[in-house]
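Take a look at the letters that make up each chain.
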Amino acid sequence: MKIHESPQVFRELRLIGMTWFKAASTVAKLAVRRNLAQVGSYYLTRTRVLPSQSRYFRSTVFSSKAQAAPVPRPVPLSRLTDSFLDGTSSVYLEELQRAWEADPDSVDESWDNFFRNFVGQATTSPGISGQTIQESMQLLLLVRAYQVNGHMKAKLDPLRLEEREVPDDLNPALYGFSEADLDREFFIGVWRMAGFLSENRPVQTLRAILTRLEQAYCGSIGYEYMHIADREKCNWLRDKIETPTPRQYNQQHREVILDRLIWSTQFENFLATKWTAAKRFGLEGGETLIPGMKEMFDRATDLGVESIVIGMSHRGRLNVLGNVVRKSLRQIFSEFSGGTKPVDEVGLYTGTGDVKYHLGTSYDRPTKGGKQIHLSLVANPSHLEAVDPVVVGKTRAKQYYFNDVERKKNLGVLIHGDGSFAGQGVVYETLHLSALPNYTTGGTIHIVVNNQVPFTTDPNAGRSSQYCTDVAKALNAPIFHVNGDDVEAVVHVCELAAEWRQTFHSDVVVDIVCYRRFGHNEIDEPSLTQPKMYQIIRNHPSALQIYEKKLLESGQVTQEDIDRMHHKVNSILNEEFMNSKDYIPKRRDWLSAYWSGFKSPEQLSRVRNTGYVRLVYRLPLLLHGSLYLLITSLYMVFSIVWSYYTEETMVFHRVKPEILKNVGKAITTLPDNFKPHRAVKKIFEQRAQMIETGEGIDWAAGEALAFATLLVEGNHVRLSGQDVERGTFSHRHSVVHDQETGEKYCPLDHVLLNQNEEMFTVSNSSLSEFGVLGFELGYSMENPNSLVIWEAQFGDFANGAQVIFDQFLSSGESKWLRQTGLVVLLPHGYDGQGPEHSSARLERFLQMSDDNPYVIPEMDPTLVKQIQECNWQIVNVTTPANYFHVLRRQIHREFRKPLIVMSPKNLLRHKDCKSNLSEFDDVQGHPGFDKQGTRFKRLIKDQNDHSDLEEGIRRLVLCSGKGTLKIFYKLDIDAWLLDLPLGGSHVYYELDEERKKINGKDIAICRVEQLFPFPYDLIQRELKRYPNAEIVWCQEEPMNMGAYYYIAPRLCTAMKALGRGTMGDIKYVGRAPSAATATGFYQVHVKEQTELVQKAMQTEPIKYPY
Ligand SMILES: Cc1ncc(C[n+]2csc(CCOP(=O)(O)OP(=O)(O)O)c2C)c(N)n1
Ligand SMILES: [Mg+2]
C-alpha cells in the first residue's frame, strides 16, 4: 500500500485543511513583507487596476487581485490529490518526504520523481541556494501561469491600443518571490514535462527563468494551448515555445522574408497608385500575411503536402492571388482595367462573371525547398465565411482521389476576418466537422487577419469573447496570436501551424493581430467611426519599414540591398502592368484537371440512356478492385473520347436485366452470421424478393440500385446528411446494425470485389445544414465522376443553408464557370404534419431558376442544350424507376448540373409507388421503354391507354407535389419504429383514385416530374393529345407556394404557341394563399386535401381563379 493511501495518512489529511490555513497565513505575511520591499523591480511591480476586462487590446496592467497579499485558502480534503502541481499542503508534503526518505518505494512513482528532482538536488546541488519544496511548487505554478495566461501580457497589438488586464498570477510576487530571489538559482524540472519544466534543463537563476518566460510567452506571440487536454500535444508545443534561447532566423532566411514582405507591400501600393478609386479591399496594415502564408506553405510542402485548397474573403485576396497563388500579375491588372471577358472565346458561355476579388484560380508553383505545390483558391461570394465548408469538402474529395489515406498530402487553409470568424455561425459548423470520420481532412489551418475592426464596428460591440478566435477553443485547437508588425513572429507561427497540422492532423489557428491602414475599402473614411485608432494609424510605420529598420540595425542587410530589392519588384510590377494592356485571356480556365473533356453550357452533348448496363459490367465480379478501377478509368476516358467522334453513345448503355439482378443481390445480402434487427431483416428479405421477382421495387431499393450500378461503373457515390444512414423515415437502412455485437454492415460497400470502403460513403452528419451542404458542394466540385448527395432531414430545414443555394448552387456556374452535379434531396409533401414539416419551399428553388418563361427554348432531340443552358434542375419524381434514372442521369452526361429533388416522405412505402425492374433496364418492349429508350421521364403521361388524339377528354389535370394521408396503410415492419404516418399518397395517386371512384374516364392526369427546365415539348404533346380539354394545374401547396406561379406563365407560353388559350384558361386547383406553409390541424388538412382532389375531378368546369 502506498503511504498516501494508508488510513494513518487519511487521518492526517483531515487535519491538513486547518494546518494549511495556518501555514498559508504565515506565507501570506511573508509575502506581504517581501512585496513591500519590491517596489521598482522589473518583474515584481504592482500595476494599476482596470475596472473591467476589456475584449481587445489596450495598455498592459496587472489586475486587482495582484494588489492583495496572496492568501492561500484551505483546500477541501476531497480535492486533494497527489499531483505535484496542486501545491495543497506543506504538512502533507513533509509527511510524504519523510516517508520517501525512509523508503522511496513507499510513495507513488510521481512523488518519488518529485522528491528525486527537488529534494534530492536541493540537498546535493550546491548551485541551488536552499530551494525549498514550497518554492519549487510556487515556481511550477508560476511557469504554469505563463503557459496558461502569458498571452494576456503578450504585446499583440501593433497600435498599442490594447487595454486588458494582466492576470495577477503572472506576478512572481504572488508566489512570494522578491527582488532578493532574482539571482538565486533554481531547478524546475518535472517528470514527463517538456520545455522549461523538462528534467534536463539546467539550474537557472530566477531572473533567467523569468526572462525566458517573458520572451517566450509575452513577446510578439501569445500562445493559447493549455485548454488542450492532451499532455503529448502540450509538451510538443512547449518544446517549440520554451526553447533554451529565443529563436533566430539566419541572414539568408531573413532576406527571403524581406523580399516577400516587399512584394506584399509594393503590390498594394502599386494598385493604389494605378487605380486610386477602385475597390480592392487592400491588405495594408496586414501585409505580413503574405510572408506568413508563403512560409506556411513551404513548411507544409517540406512535410509532405502536395496540394492546398485555400478559402478567403475580400481582404487581401488579390495580394494572395498574385503573390501566393501566383496568378499572373498581368491578368490581375487586366481585370482591374475591366478586360475580364475572354475575347478569344466569343460566342462561348461566359456566364455573368463576378467582381475581381471573388474569383478563384489554381496554379502549380515551386516552393522555397525546391518542390512543387498545387494551390487552388476557391471562388467565393461576398457572404463572409460561406466558403469555409466548401473548401473543407473540396479538400476531403482531393484526399479521396489522391488516395491520401493519412491526409498528409492535401491541406485546407482558410483565411478569416476577425469580425466574421467570431460572428458567423458557419465557422463553428465547419470547425465541428473537423474530427468527424467522414468529414475530417486531417486538420484545417485557419489564419485570421485580425485588423481589430469589422467594417465600422469595434470588437467590444462585435463579440462577447475576449479573442475573436475563442470559438476554436471548443475544438481543442491551439491558437497562436501574433503581432502583425513583427514579420518574423508571423512567419514563425505560420511555420508552427503547418508543423502542428502535419503532426497532429487537427485544426490550428493563427491570429494575426494587425490593423487596417485605410477604410473598409479604399473609398471608405474610417475616421468617421474610429477617430482615435486612425490618428495612431496615420503615424504608424508599415511592417516593412519596421523590418527594414530592424535588419539595417542588425547589420545583416544594407540600404543598397533594400533599394535593389524594391527596384526589382517595382520594375516587374511595371512591366506586368504594361503587358496587361495587351493581355488576352487564353483558353478559359474552365474546369480543373479531372474535368477536362466536360462540356461548357454552349457545347452540345448527348444525354445517354440511364437504363443500366455497361459493356464492362462483368468485370467487377472477376477482377480485383484496383485493377477494375484502372480498367474502368481507361474505359471512361475511351468513352469520353469516343463520344466526341460519334453521336452514338447509347450502345454502351444497353441494359441487361441480369446485371440489375446481380447488383441487386449484392445490396440485399447480409453476412451469414449477422443479426440485424427483425424489422430490418424483413425489409431486406422483401428487397431480395423484389429483385428476385423483378416486381414492386420500392423507393429505397430503386435508390440503392442507382447507387450500386454507378459504383459498378467506377463512380464514387457519397450521401450525407442528418440520419441518412437509416433514413429519417426509416426506409433506407443503408447501414445495418448487428443487434448483438453492435457491428455495422453497409451492403453497398460490397458491390465490387475488394471495394474501397470509401467508394460508397453514406454518412450521418452533424446537425448542421449550412456547414454540411457547403461541404458536400465542395466535395462535388472536385471530380465529375462522383454522385454527391446531400439530404435534408425535412426539406424545410434546407433554409438553414440558404446561402449555399443562393450564392453557390444556383449561381456558381454563371459567376465562376465552375460546374457541380451535386444532388440535394429535400423531403417535401403535405401529409398533415404541420407547417414546418410539409414544405421544402419548392417555390423558392423555382424562382431562382433562370429561364425566360415567355420564350420556348430550342428543344433539340437530345434535350441537352435546354438543360445545359439552365442553372440547375428541379424535379419532383413520383416513381422509384424515375428516381433511379434521374440519379444516374447526373453522371451519364458530359456536363454537370445541380439537381434539386423534392423527395417524398409518404411515398416511400406507398403500395402503388412501386416500379418493376423492367423499368430500370433498357430493353425494348419493357414497360417504360419509349422511343428514346429507358431514361428519366420528365413528364409521365396519363396511365390510361390513351392514343395520340383523345378528343373526348374534357379535362387535363397537370400535377406535381406530394400527397396526403387519405390512404392509410401500415406496414407491420415498422409501425412501431416510427411515430410517423406510413403510406399516404402523391397528389397524383389521390387524383387517380378519385378518378376511379367517380369513373372519370374523360379526365386525363399527367405528372410533371421535371419542373425546371420546363418540359415544353412534352407539355405541348399532351396539349395536342387532348385538344378539347380544360387545362388545370393541381397542387397541394397554397397558391403562393409550390409550383403554381412558376408553371402558369410557362404553361401559358406553351398553350399560346399552339393557340390553346391564355393565362385565364389555366385553372388553379390547390390550397388558398397562406402565410404558413400548412395547417397545424390534422382535420383541417384532411378537409383541404379532400376538397382539392374533389374539385380537380368535379363534373362542372372549374372557374377558379376568375
Ligand atoms: C454574411 C455577411 N454579412 C455582412 C457582410 C458585409 N460585410 C462585408 S465586409 C464586412 C466586415 C468584415 O469584417 P472582418 O471579418 O473583420 O473582415 P475585414 O473586412 O475587417 O478584413 C461586412 C460586415 C458580408 N459580406 N457577409
Ligand atoms: Mg476586421
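Bear in mind that the values here come from a model prediction, so they are computed numbers and not experimental data. Think of each chain on its own: its residues are numbered from 1, step by step along the sequence as written. The order in which chains are written sets their letters, starting at A; the order in which ligands are written sets their numbers, starting at 1. Predicted model: local features are reported for residues with pLDDT of at least 70 only, side-chain atom pairs are reported and counted for 80 or more only, and whole-chain, interface and lining totals are derived from all residues. Derived side-chain values reflect all non-hydrogen atoms in the structure, with water molecules and hydrogen atoms excluded from consideration.

A. The site of ligand 1, seen in detail. Any residue with a heavy atom positioned within 4 Å of a molecule or strand is treated as near that molecule or strand. Near ligand 1 there are 15 residues, and of these His314, Ser382, Asp418, Gly419 and Ser420 occur at the shortest range. The term polar contact refers here to a pair of N or O atoms within 3.5 Å; inside protein, the definition further demands a hydrogen-donor-capable atom paired with an acceptor-capable atom, and it admits residues adjacent in sequence only when both atoms are side-chain atoms. Take Arg315: an N or O atom from its side chain is 2.9 Å from an oxygen atom of ligand 1. Taking Asp418, its side chain carries an N or O atom lying 2.5 Å from an oxygen atom of ligand 1. Bound to the protein, ligand 1 loses 75% of the 580 Å² it would expose on its own. Looking at the shell around ligand 1, its residues break down into four nonpolar, nine polar and two charged. The Shrake-Rupley method, run with a 1.4 Å probe sphere, supplies the accessible areas, and residue values consider only the shown protein chains as cover. Each residue is assigned to one class: nonpolar for Ala, Val, Leu, Ile, Met, Phe, Trp, Tyr, Cys and Pro, charged for Asp, Glu, Lys and Arg, and polar for all the others, Gly among them.

B. Layout of the sheet that holds strand E10 (residues 444-450). Strand order in this open sheet of eight strands is E5-E11-E12-E10-E9-E6-E8-E7, and the pairing throughout is mixed. The strands lining the two open edges of the sheet, one partner per strand, are strand E5 (221-224) and strand E7 (361-366). Sheet twist, expressed as the average angle between the axes of neighbouring strands with direction ignored, equals 20°. When E10 meets strand E12 (residues 508-513), the two strands line up parallel, connected through six bridges. Residue pairing in the sheet places Asn450 in a bridge with Val513 of E12. Throughout, a residue-residue contact means that at least one pair of heavy atoms, one from each residue, lies within 4.5 Å. For helices, the fitted line uses only the C-alpha atoms of the stretch in contact; every axis is such a line through C-alpha atoms, and the angle between N-to-C directions lies from 0 to 180 degrees. Secondary structure elements follow DSSP: runs of H or I no shorter than four residues count as helices, runs of E no shorter than two count as strands, and numbering proceeds from the N terminus. Helix H9 (residues 317-325) contacts strand E6 (307-312), E7 and strand E8 (372-377) of the sheet and is inclined by roughly 160° relative to E8. For two strands to count as paired, DSSP must find a minimum of two bridges between them.

C. Seen up close, the coordination of the magnesium ion (ligand 2). Coordination shells were defined by N, O and S atoms within 2.8 Å of each metal, extended to 3.2 Å for Na, K and Ca; water is absent from the atom set, which can make sites look incomplete. Within the protein, Asp418 (OD), Asn451 (OD1) and Val453 (O) serve as the donor atoms for the magnesium ion (ligand 2), at 2.0 to 2.5 Å. All donor residues of the magnesium ion (ligand 2) come from one chain, and their arrangement in sequence is D-x32-N-x1-V. One end of the pair, Asp418, is in helix H12 (residues 418-423); the other, Asn451, is in the loop between E10 and helix H14 (459-462), with 33 residues separating them in the sequence. Per residue, the accessibility class of Asp418 equals that of Asn451, and both read buried. With a 1.4 Å probe rolled over the protein chains alone, any residue whose accessible area is under 20% of its type maximum counts as buried; one over 50% counts as exposed, and the rest are partly exposed.

D. Region of the structure containing the sheet that holds strand E23 (residues 1003-1008). If you trace the five strands from one edge of the open sheet to the other, you get E21-E23-E22-E25-E26, paired in mixed fashion. The open sheet is flanked by strand E21 (939-940) and strand E26 (1066-1071), the only strands paired with a single partner. Summarising the sheet, E21 and E23 pair through two bridges and their orientation is antiparallel. The residue bridging Leu939 from the neighbouring strand is Val1008, located in E23. Taken strand by strand, helix H33 (residues 1082-1097) contacts strand E22 (955-959), E23, strand E25 (1030-1038) and E26, and its axis lies near 160° from that of E26.

E. Structural context of helix H11 (residues 387-401). For a helix, the expected span equals 1.5 Å multiplied by the residue count minus one. With 15 residues, H11 extends 21 Å between its outermost C-alpha atoms, agreeing within 8% with the 21 Å of an ideal straight helix rising 1.5 Å per residue. Counting buried positions over the 15 residues of H11 gives 14, a clear majority of the element. Directly beyond the C-terminal end of H11, a positive phi value near 55° is found at Asn403.

F. Up close: the environment of Gly778. Tracing the sequence through the fold places Gly778 in helix H24 (residues 770-780). Here Gly778 falls in the buried class, since its relative accessible area comes to 0%. For the pair Gly778 and Val378, spaced 400 residues apart in sequence, the C-alpha to C-alpha distance is 9.1 Å. If sequence neighbours within four positions are ignored, Gly778 has contacts with Val390, Gly393 and Lys394.

G. Geometry of the environment of Thr273. Inspection of the secondary structure assignment puts Thr273 in helix H7 (residues 251-274). Using a relative accessible area of 61% as the deciding quantity, one classes Thr273 as exposed. A distance of 2.8 Å separates a polar atom in the side chain of Thr273 from the backbone oxygen of Asn269. In this structure the side chain of Thr273 is engaged in a polar contact, spanning 2.9 Å, whose partner is the backbone oxygen of Phe270.

H. View of the packing of H11 against H24. As a packed pair, H11 and H24 sit with axes 6 Å apart at the nearest point and diverge in direction by 45°. By the angle between their directions, the pair H11 and H24 is classed as oblique. Where H11 crosses over H24, the two elements pack in a sense that is right-handed. Residues Pro389, Val390, Val392, Gly393, Lys394, Arg396, Ala397 and Tyr400 of H11 pack against Phe770, Gly771, Gly774, Phe775, Leu777, Gly778 and Tyr779 of H24. Considered class by class, the residues forming the contact of H11 with H24 number nine nonpolar, four polar and two charged. Geometric relationships in this document are graded by angle, where less than 35 degrees denotes roughly parallel, more than 145 denotes roughly antiparallel, 65 to 115 denotes roughly perpendicular, and other angles denote oblique. Helix crossings fall into two classes, left-handed where the near helix is turned counterclockwise from the far one by less than a right angle and right-handed where it is turned clockwise.

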